[in-house]
Amino acid sequence: MEVAHARGGERVSAVLRGFHGGVRVPRSKEALQGAGSRSAALPPLLIYPLQAHVGTPARPVVDVGRKVCRGELLAVPSSYVSQAIHAGTSGIIVEIAERAVIHPGGITDTCIVLQADGEDRRLEPAPPLDLGRATPEALLARIAEAGIVGMGGAGFPSHVKLCEGLSNAVRLLIINAVECEPYIACDDCMIRERAADVVLGARILMQALAASQCVIALEDDMQLAWDALSSCDLAGAQIVRVPAIYPAGGEKQLIRMITGAEVPAHGLPIDAGVVMHNAATAAAVADAVVRGLPMTERLLTVAGAVRTPANLRVRIGTPIAHLLDGCGRSAADARVIAGGPMMGTRLIDESVPVVKTTNCVLRLPAGSEQPAVPCIRCGDCVEVCPAQLQPQALYEVARAGDWDGVRELHLFDCIECGACAYVCPSRLPLVHYYRHAKSEIEALELEQRRAAELRSRYDARLRRLAQAGGAAAGLEGQVEPDAGEGPAPAPAPDRATMQAEIAAAIARAKARRAAYTPPAAGGDGDGTR
Amino acid sequence: MQRDAETVISSPHIHSGASVGGVMRRVLMALLPGVIVSVWFLGPGVLLQIAIATLAALAAEAAMLSVRGLAMRPFLFDGTAAVAGVLLGLAMPPLAPWWLGTLAAVFAMVVVKHAYGGVGHNLFNPAMAGYALLLVCFPFAMKAWPVPGAAVWTADVLGAVFPVDGSRVDAVSGATALSFVRDGLQGMKMLSELRPAEAAGLAAGGAAWVNAAFLGGGLVLLAAGVIRWQIPAGFLAGLIAVSLLLHLGDAQRHASPLFHLMNGATMLGAFFIATDPVSSPVTPRGRLVFGLLAGAVVVLIRRFGQYPDGVAFAVLLMNAAAPLIDRYTRPRVYGERDGR
Amino acid sequence: MSVVIAMAVLAVGALGAARILIATASPLRGSHDVALRIDRLLPQTQCGRCLYAGCRPYAEAIARGEARINQCPPGGAATIRRLARLLGVEPLALNPRHGTEVPASVVVIDEETCIGCTKCIQACPVDAILGAARQMHTVIAADCTGCELCIPPCPVDCIAVVPAPAATHAWRWPTPAEASG
């Protein structure tokens, strides 16, 4: 099949295309698709990890002991791809320390910890921007200041996406409200309650992008959300309903369906002429631009083995255990997952905080774990893979540790959607193998880049020594001029003073060593003694 | 990092519930109509052969699992050995002595399956490899198919299958339609001279009915999503294409596609044997190629070979080519410009 | 007699064929870029524990067939495995004479004790120490290979070995339990 490549996506395809593969998963969200949202109770502590999923960690601008109001800036972006963090309630900064964060390995990271004072005072909102006059630059600045990141996927800072889209003259904006993962219904709920804000946010995003077209994508079972959007003044935006096949909400799959074009391998949506934002992100943009409110809250679904599944309005930074306490745990033995059951992160520690990308907290009852058996090459994984990979072949080479082999089979085009492992009759942990292989390869590449850097430094030194040696033969003591800050032989102003100084220093060192035994060094006995 | 291996678990956290055992159970169910019709035409010997081959396959599987120190529960009852046993039993002449089926089943499990690493690792279809062994070693016993009719129900089946004192019961055996036509054509006879006999063999043999029953079961498998359309469609298309070409070239010397479709193990092969996932290609295009070539080879062996049917050797030949086919039919990856 | 001649001819032929096989089995031997390709697999710590002046000299020694592939403690088992694959030989265990495999480390200079003698700067194979005569020196942690060559020359013993700072992407997905079980 011939597929239009780069920049083909500027036009919305007249007919909805399909995407390869995909799998029908149980929706498990029917009850929440009609229910309203409610606010979660304010927790005593809010925790803000500085490191987001992508980019560099934010830089704190508050100290321990500082009193803050809701909406006050806690940390600023440290680079182009980084995010601002705002206080979710009024209170006092009690700690900037290592805390457990949402991570498959249960690692800790530096977090700002805010103790709520219960008053929930709000900082005066920033003045609204006049949409009639606001330039894209002003809108981008406001979106960046509000700390808005993609609320559906990897949490890429929204202003960076817009900025790249603007400089690449992207014309099509897609608002993604396709919640293809089971259980999750928070975007559906948000659209039903705030359809006008979503449409307003989409308009602002179009203005910030200077885009000419906007598509809002829903799933075909989101009837009430569709009704709510249809009753708004869409101002040229188009609503598209896509079939509820997992992973229809994947960025690459949705672009393929709507435009018929594919995002090139190792490329970004802008390479297909598209910028995509989550529907919740659009609503947050409306809050930031016309109400002056930074991102301190989000809607998320709490579902699974809880007494009262709900779509909750949750302050960013709320510990997940607090949400589960609020909803009530209904089965003793359950796995807690941040995100959906297909791609979410299984938590080792429930005390980790909700971050801007957390769209779901799921308690899955511990099922009967069946052992994995060898692959029978049934090919079901090939049928469902939306990236059109060969999961079973990738599994074989990844298991064998053949990193060249996995690259040849395009491992890095894998979106880790989990469709292959979901259908695998042998119950192989396929995605786990892909992630393992990816992280090993990335570590290896890092190591190789460092080795190359060290090699060039070593070579540079050898060259310099060779030149210095040649020069020394003619003119003793003279150092080669472009030696830079290198090892210039120390000019000895006064030999006696020098020796005295060294003797004194050695004596000092001896005294220090007598008083204190340093911890065992990492090296072997060879060079240290 | 030791701790990680137990606590770090990757998504997805839910599963469709599919299992190898489930797949194989559905295959066994889909074989039922064909088995029933075979019994109707060829007598209770069919059931006896299936029972012998299946029991032998399970016993050999259990023995190999215990020798290799593997767990019994997940592997012995995953249905793979049972499916191989049933397919082998269906391939056996109904009145063959018991040790033939036993030998084939043990060879299939021990040499073809476990010597290559067990389930999922065998290069060749175990049932067909076992059958091929018998064809090569005991060609006459394997050609002795009963002439269908009431006699199959009155014959001393037990006496034939479990012979004592070297007694042989071969009163009811005769050539199948496939063998009869092939031998006739290779003997430079014209098809028109054979036609009445062929027609009689067809009708009496019930081969068309047996094939229809396996076709029905196969379509159920297809509808249930247990197998994909590429291999059966390719197999039948290849079979029809080659037989049609030959038939159009000289209708007197080559049987029609219809004859090939309705005789021998055509439908069993297309839907149940060639579709064995382990020994066939994985890529959709590869499966189509695999099926087409296998179907074509079946006709060539039937017409020009010496064996009663060509399905087993065609499938084994293509099994050997499966890794190569997979390599050259990799699908184009999303966003990549070429398929490699 | 003719049997003996036939056997002799066959034996000579077989030996000749064996020689050809041996000669072609290791296509890397003698080719010019072998040392470079070996060097690319070495960790570039330039520590000299292999008893050569640096990674490149060690790579050249391996290429000449003088050194064995198990003399690099910083690279450890992983490097030996890669070298073995490149050269088509069996992996060996690390030779303990050259040291043991330990976690990556860097050195730090106790800036209070340092007298600015520049001896460590001259010893550093990758120019990772910054300083000038009679000025305080410091180690650029990102460029330090942990080779410890700066430690013996230091007259005041102000250089200590510490674990290397964890890289940002230090966490890796472990091998699935299914594989180890």
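Note that the structure is a prediction, hence the values are computed from the model and not measured.

**Section: the overall build of chain A**
Moving on, step 1. The number of helices and strands found in chain A is 14 helices and 17 strands.
Moving on, step 2. Within chain A, the proportion of its 529 residues that are buried is 54%.
Moving on, step 3. Across chain A, contacts joining residues at least 24 apart in sequence account for 72% of those joining residues at least 6 apart.

**Re the overall build of chain C**
Moving on, step 1. In terms of helices and strands, chain C carries six helices and four strands.
Moving on, step 2. Secondary structure elements of chain C, listed N to C terminal, follow the sequence α-α-α-α-β-α-β-β-β-α.
Moving on, step 3. If you sum the accessible surface of chain C, you get close to 9800 Å²; carbon and sulfur atoms cover 62% of it.

**Some remarks on the pattern of salt bridges**
Where charged atoms from two side chains of opposite charge approach closely, those side chains can pair.
Residue and element names in this part refer to chain A.
Moving on, step 1. Scanning the entire structure with this criterion turns up 41 salt bridges over all chains.
Moving on, step 2. The partner of Glu119 in a salt bridge is Arg121, with the nearest N and O atoms 2.9 Å apart.
Moving on, step 3. Under the relative-accessibility criterion, Arg121 is labelled partly exposed at 38%.
Moving on, step 4. The shortest N-O distance in the salt bridge between Arg194 and Asp197 comes to 2.9 Å. Highlighted residues: Arg194 and Asp197, both in helix H3 (residues 186-209), separated by three residues, approximately one helical turn.
Moving on, step 5. The exposure class assigned to Asp197 is buried, which follows from its relative accessible area of 11%.
Moving on, step 6. Where salt bridges share partners, they join Arg70, Asp120, Glu297 and Arg315 into one cluster.

**With respect to the packing of helix H1 (residues 136-145) of chain A against helix H2 (residues 158-167) of chain A**
Residues and elements named next belong to chain A.
Moving on, step 1. It is at 8 Å that the axes of H1 and H2 come closest, and there the two elements cross at 160°. Considered as vectors, H1 and H2 are oriented roughly antiparallel to each other. The crossing of H1 and H2 is left-handed. In contact with Pro136, Glu137, Leu140, Ile143 and Ala144 of H1, H2 contributes Ser158, His159, Leu162, Cys163 and Leu166.
Moving on, step 2. Its residues assigned to classes, the contact of H1 with H2 shows seven nonpolar, two polar and one charged.

**Observations regarding the interface of chain C and chain B**
Moving on, step 1. Contact with chain C, which involves five residues of that partner, is made by five residues of chain B.
Moving on, step 2. Here chain C and chain B share an interface that buries about 440 Å² over both sides, 74% of which is from carbon and sulfur atoms.
Moving on, step 3. On the chain C side of the contact with chain B, C:Trp171, C:Trp173 and C:Pro174 bury the most area, a combined 70% of that side's loss.
Moving on, step 4. Linking chain C to chain B there are zero salt bridges.

**Section: unusual backbone geometry**
Moving on, step 1. Put simply, A:Tyr246 and A:Pro247 share a cis peptide bond, and its omega is -10°.
Moving on, step 2. Following the sequence through the fold, A:Pro247 ends up in the loop between strand E11 (238-242) and helix H5 (251-259).
Moving on, step 3. Going from B:Ser11 to B:Pro12, the amide bond is cis rather than trans, its omega being 0°.
Moving on, step 4. Within the secondary structure layout, B:Pro12 lies in the loop between helix H1 (2-7) and helix H2 (20-42).

**Describing the sheet that holds strand E5 (residues 73-76) of chain A**
Residue and element names in this part refer to chain A.
Moving on, step 1. With antiparallel pairing, three strands are arranged side by side in an open sheet as E3-E5-E6. Among the strands making up the open sheet, the edge pair consists of strand E3 (59-60) and strand E6 (85-86).
Moving on, step 2. For E5 and E6, the ladder comprises two bridges, and the chain directions are antiparallel. Paired with Ala75 across the strands is Ile85, a residue of E6.

**So, the sheet that holds strand E9 (residues 172-176) of chain A**
All names here are of chain A.
Moving on, step 1. Taken in spatial order, the four strands of this open sheet run E11-E10-E9-E12, and their pairing is parallel. At either margin of the open sheet sits one strand with a lone partner, and together these are E11 and strand E12 (274-278). Averaged over all pairs of adjacent strands, the angle between strand axes in this sheet comes to 25°, irrespective of strand direction.
Moving on, step 2. The pairing of E9 with E12 spans five bridges and is classified as parallel. Looking across to E12, one finds that Ile174 is bridged to Met276.

**Here we look at helix H6 (residues 98-113) of chain B**
Residues and elements named next belong to chain B.
Moving on, step 1. When the terminal C-alpha atoms of H6 are compared, their 21 Å separation across 16 residues agrees well with the 22 Å that a helix rising 1.5 Å per residue should span.
Moving on, step 2. The axis of H6 is deflected most strongly, by about 25°, at Phe107.
Moving on, step 3. Listing the buried residues of H6 in full gives Leu100, Gly101, Ala104, Ala105, Ala108, Met109, Val112 and Lys113.
Moving on, step 4. Considering only its buried residues, H6 is in contact with helix H3 (45-67), helix H5 (80-91), helix H7 (126-137) and helix H8 (139-143).

**Quick notes on the environment of B:Gly101**
Moving on, step 1. Here B:Gly101 is to be found in helix H6.
Moving on, step 2. A C-alpha to C-alpha distance of 6.9 Å links B:Gly101 and B:Gly89, two positions twelve residues apart in sequence.

**Structural notes on the interface of chain A and chain B**
Moving on, step 1. At the junction of the two partners, chain A supplies 57 residues and chain B supplies 42 residues.
Moving on, step 2. Between chain A and chain B the total buried area reaches about 4300 Å² when both faces are included, carbon and sulfur atoms providing 55% of it.
Moving on, step 3. For the chain A face of the interface with chain B, the top three residues by lost area are A:Ile376, A:Arg377 and A:Tyr422, together amounting to 16%.
Moving on, step 4. Our count for the contact surface shared by chain A and chain B stands at six salt bridges.
Moving on, step 5. A salt bridge links A:Glu383 to B:Arg228, with the shortest nitrogen-to-oxygen separation between them at 3.8 Å.
Moving on, step 6. At the surface where chain A touches chain B, the tally comes to 26 residue pairs in polar contact (both at pLDDT 80 or more).
Moving on, step 7. Going through the elements one at a time, H5, strand E15 (334-338), strand E16 (345-346), helix H8 (380-384), helix H11 (419-423) and helix H12 (430-474) of chain A are the ones with two or more residues in the side of chain A that touches chain B.
Moving on, step 8. A breakdown of the residues in the side of chain A that touches chain B according to their chemical character gives 30 nonpolar, 15 polar and twelve charged.

**Observations concerning the state of the cysteines**
Disulfides are covalent bonds that connect the sulfur atoms of two cysteines.
Moving on, step 1. Across all of its chains, the model carries zero disulfides over all chains by this definition.
Moving on, step 2. The cysteine A:Cys424 is free of any disulfide, with A:Cys378 supplying the nearest cysteine sulfur at 6.4 Å.
Moving on, step 3. Judged by its relative accessible area of 9%, A:Cys424 falls in the buried class.
Moving on, step 4. C:Cys124 takes part in no disulfide bond, and the closest cysteine sulfur to it belongs to C:Cys147, at a distance of 6.0 Å.
Moving on, step 5. Assessed through its relative accessible area of 8%, C:Cys124 is described here as buried.

**Observations regarding a nonpolar patch on the surface**
Moving on, step 1. On the surface, a nonpolar cluster with roughly 410 Å² of combined accessible area is contributed by B:Trp98, B:Trp99, B:Leu158 and B:Phe162.
Moving on, step 2. For B:Phe162, a relative accessible area of 39% translates into the label partly exposed.

**Brief notes about the confidence of the model for chain C**
Moving on, step 1. Per-chain confidence: chain C averages 85 in pLDDT, with 91% of residues scoring 70 or above.
Moving on, step 2. Within chain C, no element has a lower average pLDDT than helix H6 (residues 177-180) of chain C, which sits at 54, and none a higher one than helix H5 (residues 119-123) of chain C, at 91.

About the thresholds
- Residues numbered from 1 in each chain as written.
- Chains lettered and ligands numbered in written order.
- Predicted model: local features only at pLDDT ≥ 70, side-chain atom pairs only at ≥ 80, totals over all residues.
- Heavy atoms only, no water.
- Helix = DSSP H or I, 4+ residues; strand = E, 2+ residues; numbered from the N terminus.
- Buried < 20%, exposed > 50% of the residue type's maximum accessible area, 1.4 Å probe, protein only.
- Contact = heavy atoms within 4.5 Å.
- Areas by Shrake-Rupley, 256 points an atom, 1.4 Å probe, with all protein chains shown as cover.
- Salt bridge = Lys/Arg side-chain N within 4 Å of Asp/Glu carboxyl O.
- Axes fitted to C-alpha atoms, helices over the stretch in contact; angles between N-to-C directions.
- Parallel < 35°, antiparallel > 145°, perpendicular 65-115°, else oblique.
- Left-handed = near helix turned anticlockwise from the far one by under 90°.
- Nonpolar A, V, L, I, M, F, W, Y, C, P; charged D, E, K, R; others polar.
- Buried area = accessible area lost by both parts, 1.4 Å probe.
- Pairing = 2+ DSSP bridges.
- Expected span 1.5 Å × (residues − 1).
- Bend = angle between axes of the 7 residues up to and from the residue.
- Polar contact = N/O pair within 3.5 Å; in protein donor to acceptor, adjacent residues only side chain to side chain.
- Disulfide = S-S within 2.5 Å.
- Patch = residues over 30% accessible without salt bridge, like charges linked within 9 Å, V, L, I, M, F, W, Y side chains within 5 Å.
- pLDDT = per-residue confidence, 0-100.

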